[in-house]
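So the chains spell out like this:
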Amino acid sequence: MDQICIYCGAKFWIEEKDYNSPKTSPTFAVCCAGGKINLPPLLKPPSYLLNLYTSSSSDANSFRKNIRGYNNLLACTSLGANIDERFQSHGVSNFRVHGQIYHRIGSLLPEDSQQPMFAQLYIYDTEHENNNRHNIMQDLNSDILQHLQNMLDECNPYIKSFRQARDIIYSNSNTTSDISMIIHANRTHDSHCYNAPTSSEIATIMIGDGYNIEPTNRDICLRLQNGGLQRISETHPSYDPLHYVLLFPKGDDGWHINIPLIGSLKRENVTPMQFYSYRLQIRDGDWLQSAGRLYQQYIVDQYAKIEQNRLNYLRFNQSTLRAEIYQGTVDAVHTGDVSDDIGRRIILPSSFTGGPRQMYQLYQDAMTIVSHFGKPDLFITFTCNP
């Protein structure tokens, strides 16, 4: 890669330039849309973690091989997905899922007779915290796990908030039932400021009924013990850093709906596709690509978020898309639905990749080509190394 975007510093090959730009002064749009996307750089991880990503020592190799296990033990949220394990132990490492991906988080403390998990491990029985984690996955290196835990205690604002909740819970034993924690969806600091987020900016711990603080519908409200899990909105800026603590150890925000798009007349805010296209580009000093299997999981997770965002747009903009011209009731009858089963139908236009209308359109295009040029003689497939 010998070409660099003049706006964001992303690296490219010359063949990746914009179609209409000359080779003498190439421009690139897939990274920052020609300077319209301006995100703060990721905060540099602590030296210990950076060494595990880049070193060739035995500990570093072991860490990278089991990086998803270490991240899952230290994450504050769980990852819900139908993971396909058939090809995990064969060939090149991969991460494959079917269906939807979601992140969930429980209460501050586990229910009676239940073992603490995820964020609860930062609050409950912290004297044996490392042992509690190691008992979940005993094949991981306990020394590496302890060093990572100590590192996150020092630099991660979410972990600091959970530690603060622990101190309050055990110092107010008479009023613990009234303690709750809100992880805010709106940020008070400038999104273009390069300072690390602080625990007071991302979360509020309340003692009492919290009548003076009204959480929004996207805030994450954690009660002391409520016996259930709550799903985190994909539009919450803490969606990424709460789970990928080893990719964003200093709590860098993920995508949210209030990131401005510079100099655009059609759209005011950055889309998930634009955000992660910017984040996944290769630049000097980047370390995300060194995360191996965890990086693969992160990419799949964000692709699912992008798809969900597209589906949500189609769902809530059916009138804008003129869905009535598709004759939804007629389509339902043709597919064998009876009148009692016909409810609200969400039309996926042919522009939605993978949708039935796009597949039907591709089929019609293929048949048109065959009718014009005749039947094909060869069926050739290509395998590409991304």
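Structure's up top.
Rules and cut-offs
Residues numbered from 1 in each chain as written. Predicted model: local features only at pLDDT ≥ 70, side-chain atom pairs only at ≥ 80, totals over all residues. Heavy atoms only, no water. Helix = DSSP H or I, 4+ residues; strand = E, 2+ residues; numbered from the N terminus. Buried < 20%, exposed > 50% of the residue type's maximum accessible area, 1.4 Å probe, protein only. Contact = heavy atoms within 4.5 Å. Areas by Shrake-Rupley, 256 points an atom, 1.4 Å probe, with all protein chains shown as cover. Salt bridge = Lys/Arg side-chain N within 4 Å of Asp/Glu carboxyl O. Pairing = 2+ DSSP bridges. Phe/Tyr/Trp six-rings, centres within 6.5 Å; stacked < 30°, edge-to-face > 60°. Expected span 1.5 Å × (residues − 1). Arc of directions from axis to C-beta. Patch = residues over 30% accessible without salt bridge, like charges linked within 9 Å, V, L, I, M, F, W, Y side chains within 5 Å. Axes fitted to C-alpha atoms, helices over the stretch in contact; angles between N-to-C directions. Parallel < 35°, antiparallel > 145°, perpendicular 65-115°, else oblique. Left-handed = near helix turned anticlockwise from the far one by under 90°. Nonpolar A, V, L, I, M, F, W, Y, C, P; charged D, E, K, R; others polar. Core = buried A, V, L, I, M, F, W, Y, C linked by side-chain atoms within 4.5 Å. Polar contact = N/O pair within 3.5 Å; in protein donor to acceptor, adjacent residues only side chain to side chain.

**Quick word on the overall build of the protein**
Each helix and strand in the protein was counted, giving 11 helices and eight strands. Among the 386 residues that make up the protein, the fraction classed as buried is 41%. In the protein, the share of contacts with a sequence separation of at least 24, taken over all contacts with a separation of at least 6, comes to 63%. A total accessible area of about 22300 Å² is found for the protein, and carbon and sulfur atoms account for 50% of it.

**Quick notes on the pattern of salt bridges**
Under the defined criterion, the tally for this structure stands at eight salt bridges. Of the charged contacts in the structure, one is a salt bridge between Glu-234 and Arg-231, with a shortest N-O distance of 3.1 Å. Accessibility expressed as a relative area gives 42% for Arg-231, which makes it partly exposed. Residue Arg-310 pairs with Glu-307 through a salt bridge whose shortest N-O separation is 3.1 Å. Within this pair, Arg-310 and its partner Glu-307 are both found in helix H9 (residues 293-316), separated by three residues, close to a single helical turn.

**Concerning the sheet that holds strand S3 (residues 78-84)**
Spatially, the three strands line up as an open sheet ordered S3-S4-S8, and their pairing is antiparallel. In the strand order of this sheet, the two ends are held by S3 and strand S8 (230-231), each with one partner. Relative to strand S4 (residues 96-105), S3 runs antiparallel, the two sharing six bridges. Among the inter-strand pairings, Ser-78 is bridged to a residue of S4, identified as Arg-104.

**Some points on helix H3 (residues 67-74)**
Side chains of residues three or four places apart in an α-helix project in the same direction, reflecting 3.6 residues per turn. Counting buried positions along H3 yields seven of eight residues, so the element is predominantly enclosed. Tucked into the core, H3 has its buried residues touching helix H1 (47-54), helix H2 (58-65), S3, helix H4 (129-136), helix H5 (142-155) and H9.

**Remarks on the pairing of S4**
Where S4 and S8 come together, two bridges link them in antiparallel fashion. Following the sheet pairing, Ile-105 is matched in S8 by Gln-230.

**Concerning the packing of aromatic side chains**
Enumeration according to the criterion identifies eight aromatic pairs in this entry. Seen in terms of ring centroids, Phe-63 and Tyr-70 are 5.5 Å apart; in terms of plane orientation they differ by 40°. Their pairing is tilted. Residue Phe-63 is classed as buried on the basis of its relative accessible area, which comes to 0%. Tyr-70 sits in the buried class, given a relative accessible area of 0%.

**Here's the deal with H5**
Its 14 residues place the ends of H5 20 Å apart at the C-alpha level, agreeing with the 20 Å of an ideal helix rising 1.5 Å per residue. Taken as a whole, H5 has its buried residues at Ile-144, Leu-145, Leu-148, Gln-149, Met-151, Leu-152 and Cys-155. Along the axis of H5, the buried positions cluster into a sector of 165°, meaning they face one direction only. Those residues of H5 that are exposed and aimed more than 90 degrees away from the buried face are Asp-143 and Glu-154.

**A word on unusual backbone geometry**
Even without glycine at this site, Ala-33 takes up a positive phi of about 55°. Note that Ala-33 resides in the loop between strand S2 (11-12) and H1. Unusually for a residue other than glycine, Phe-118 sits at a positive phi of about 55°. You can see Phe-118 is positioned in the loop between S4 and H4.

**Concerning a nonpolar patch on the surface**
Taken together, the side chains of Met-1, Trp-13 and Ile-282 make up a nonpolar region of the molecular surface, amounting to roughly 300 Å² of accessible area. Topologically, Met-1 is positioned in the segment before strand S1 (3-4). Relative accessible area serves as the criterion here: at 43%, Met-1 is assigned to the partly exposed category.

**A word on the packing of helix H8 (residues 272-279) against H9**
The geometry of H8 relative to H9 is characterised by a closest axis approach of 9 Å and an angle of 160° between their N-to-C directions. By the angle class used here, H8 and H9 are roughly antiparallel. Judged by the sense of rotation from one axis to the other, the crossing of H8 with H9 is left-handed. Between H8 and H9, the residues in contact are Pro-272, Met-273 and Tyr-276 and Tyr-298, Gln-302, Lys-305, Ile-306, Asn-309 and Arg-310, respectively. The residue inventory of the contact of H8 with H9, partitioned by class, reads five nonpolar, two polar and two charged.

**Let's talk about the environment of Ile-282**
The topology assignment puts Ile-282 in the loop between H8 and H9. Residue class for Ile-282 comes out partly exposed when judged on its relative accessible area of 35%. Note: C-alpha distance between Ile-282 and Lys-11 (271 residues apart in sequence) is 5.7 Å.

**Re the nonpolar core**
Ranked by internal contacts, the top residues of the largest apolar core, which has 71 residues, are Tyr-53, Phe-63, Leu-148, Phe-162, Leu-246 and Leu-247. Among residues more than four places away in sequence, those in contact with Leu-247 are Tyr-53, Trp-287, Leu-288, Ala-291, Leu-294 and Tyr-298.

**Examining the environment of Ala-165**
With respect to the secondary-structure elements, Ala-165 resides in helix H6 (residues 157-171). A sequence separation of 15 residues divides Ala-165 from Ser-180, and the C-alpha atoms of the two residues are 8.4 Å apart. Those residues in contact with Ala-165, other than ones at most four positions away along the chain, are Ile-123 and Ile-205.

**Re the side chain of Gln-302**
In this fold, Gln-302 is placed in helix H9. Of the polar contacts made by the side chain of Gln-302, one reaches the side chain of Tyr-276; its length is 2.9 Å.

These figures come from the coordinates and say nothing about function on their own.
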